[in-house]
Amino acid sequence: MDEKKVMLSGIQPSGELHLGNYLGPLRHWPEMIEEFDCYFFLADLHTITVRQEPAQLRRRVLTLLANYIACGLDPEKCTLFIQSHVPAHAQLGWVLDCYTMFGELSRMTQFKDKTAKHKDNINAGLFTYPALMAADILLYQPDFVPVGEDQKQHVEICRDIAERFNGLYGDVFKIPAPHIPKVGARIMSLNDPASKMSKSNLDGCVILMDKPEEVMRKFKRAVTDSDTERCVRFAPQEKPGVSNLIQIYASVTGKSFEEIETEFEGKGYGAFKPAVGEAVVETLRPIREETERLLADKAYLEHVYKAGAEKAEYVANKTLRKVYKKVGFVAR
Ligand code: TYM
C-alpha cells in the first residue's frame, strides 16, 4: 500500500484566531486529515519574537488548541501539538541558522514589516525566524505546507535552505511545496482593505470567538469603496473593500463570485454588508460554542497535547538524528 502523503502547518498563538487564519488555511485542514498524515502545531516559540504577557500566552495556547479541535481537527486522526513541547524544533532551528544566509533573511517581507511595527524590540529571533520555521517544517518531511499568501515567502526560503543542505549532505530533507488556497488566501482588514487582516488592528479583524453582535458591528462598519457605481462587483484593484467582502462571502457560503454579483444586483452595499456578517456569524457560531465547551475540559486538552507531542517527537527526533550525524556531531 502507498504511504500517505504528509502535510504540516502551524499558527502562532500570538492573539486569538481570526477570520483570515480561518478562511486562509485552517478551514481546509479538516478535509485533509482524511487523506494525509497531518501535523498541526501551535507555534509558541515563534510568538515570543514579540513580547507577550506570560499568563495570556498560556491562555491563548489552550484557546488555539480548542479552536483547532472545534474547527474539525480530530486529534484521533491527526497530530496536534505545541511547538515548545518538542525540543527538536529549537535544536534543528539552530543547525539551520548556520545554513541560512544573512542576505536572504534581510529580504523577508515579514521581518521588514515587524521591525517597522516593533522598533523597540528588533531582536535576533525576529530576524532568524524563517530558519526556525524551516526546522518546523523539515523535521516532519512533509510533501506540502498549506498556508495563506503571506507565509509563501517563508515556505520558499525553507525550500532553499533544504536544497542547500541536501546539496552538501545528500537527500536528508524532502522538499515541501507551499499550498495556497484559491479563495481566501489573503483576507484584508475590514476597516483598511489595503492591509491584510491581522491581530494588530482589532477593529478591522474578526476574531473567531467574537460574539455575533460584535461580528455584525464590524461588518456593518466595514469600509467599502467610494466609487459612484456602488454595486457588488469583484474588482480587487478598483474596489478593494467590496472585493474583500465578496471573497469572505464566497469562502463561507461556497458561492462563486458571479453568483454573488447576481444575488446582490441592484441592492448596493447597504444590503450586502449585513448579509456577509450574518453568513460569517453562522459559520463561526458552532466553532465558538464548541471551543467554549472544550475550554471547560482542561484534562481533555492536556491529554490531546501530551499525546500529540509524543507522536510528533518520535518523527522529529528521527530527522534530527540524521541531521546531527550528517553535520558530524558525535552521537551520545
Ligand atoms: P500566522 O500565525 O501569522 O498565521 C497563521 C496562518 O494564517 C494565515 N493568515 C492569513 N490567511 C489569509 N488572510 C489573512 N489575512 C491571513 N493572516 C494570516 C497565514 O498565512 C498562516 O498560514 N510563521 C507562521 C506560523 C508557522 C508556520 C510554521 C506555518 C511557524 N512555523 C511552519 C507553517 C509551517 C505564522 O506566523 O503564521
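What counts, and at which threshold
- Residues take numbers from 1 onward in each chain, read along the sequence in its written order.
- Restriction of local features to residues with pLDDT of at least 70 applies here, the model being predicted, together with a cutoff of 80 or more for giving and counting side-chain atom pairs; totals for whole chains, interfaces and linings are based on all residues.
- As a rule here, side-chain values come from all non-hydrogen atoms in the structure, and water together with hydrogens is ignored.
- Numbering of helices and strands starts at the N terminus; helices are DSSP runs of H or I of at least 4 residues and strands are runs of E of at least 2.
- Between buried and exposed lies partly exposed: a residue is buried under 20% and exposed over 50% of the maximum accessible area for its type, with that area taken using a 1.4 Å probe on protein chains only.
- The contact criterion used throughout is that any non-hydrogen atoms of two residues lie within 4.5 Å.
- Proximity is defined per residue: if any heavy atom of the residue lies within 4 Å of a molecule or strand, that residue is considered near it.
- Whenever a nitrogen or oxygen atom comes within 3.5 Å of another N or O atom, the pair is scored as a polar contact, on the condition that within protein one atom can donate a hydrogen and the other can accept it, and that pairs from neighbouring residues in sequence are kept only if both atoms are in side chains.
- Grid points spaced at 1 Å over the protein atoms alone were grouped into cavities, where a 1.4 Å probe fits but cannot get out, and pockets, open sets with protein on both sides within 12 Å along at least five of seven lines, with lining residues defined by an atom within 4 Å of a point.
- Grid points are joined across faces, edges and corners, and a volume is the space filled by probe spheres set on the points.
- Lys, Arg, Asp and Glu make up the charged group, whereas Ala, Val, Leu, Ile, Met, Phe, Trp, Tyr, Cys and Pro make up the nonpolar group; the residues left over, Gly among them, are polar.

## Describing the side chain of S243
Right, on to step 1. You can see S243 is positioned in helix α11 (residues 240-253).
Right, on to step 2. We classify S243 as buried; its relative accessible area is 2%.
Right, on to step 3. Contacts of S243, omitting those with residues within four sequence positions, involve R233, F234, A235 and P236.

## Remarks on the site of the ligand
Right, on to step 1. Among the 28 residues in the neighbourhood of the ligand, the closest are listed as Q12, Y129, D136, D150 and I187.
Right, on to step 2. A distance of 3.2 Å is found between a nitrogen atom of the ligand and a backbone nitrogen or oxygen belonging to G20.
Right, on to step 3. In the environment of the ligand, a nitrogen atom lies 2.8 Å from a nitrogen or oxygen atom belonging to the backbone of I187.
Right, on to step 4. Those elements giving two or more residues to the shell around the ligand turn out to be β1 (6-11), α1 (19-23) and α8 (124-138).

## Details of empty space enclosed by the protein
Right, on to step 1. One pass over the structure, following the stated rule, counts two cavities of 30 Å³ or more.
Right, on to step 2. In this structure, the largest cavity encloses a volume near 60 Å³.
Right, on to step 3. Going through the elements one at a time, α7 (109-117) and α8 are the ones with two or more residues in the lining of the largest cavity.
Right, on to step 4. Counted by class, the lining of the largest cavity contains six nonpolar, two polar and one charged residues.
Right, on to step 5. Each pocket or cavity is described by its volume, and for the second largest cavity that value is around 30 Å³.
Right, on to step 6. Around the second largest cavity, the lining residues are D210, K211, P212, V215, V281, L284, R285 and R288.
Right, on to step 7. Within the residue set of the lining of the second largest cavity, elements represented by two or more residues are α10 (212-220) and α13 (268-295).
Right, on to step 8. Sorting elements by how many residues they give to the lining of the second largest cavity places α13 first, with four residues.
Right, on to step 9. Of the residues in the lining of the second largest cavity, the class split is four nonpolar, no polar and four charged.

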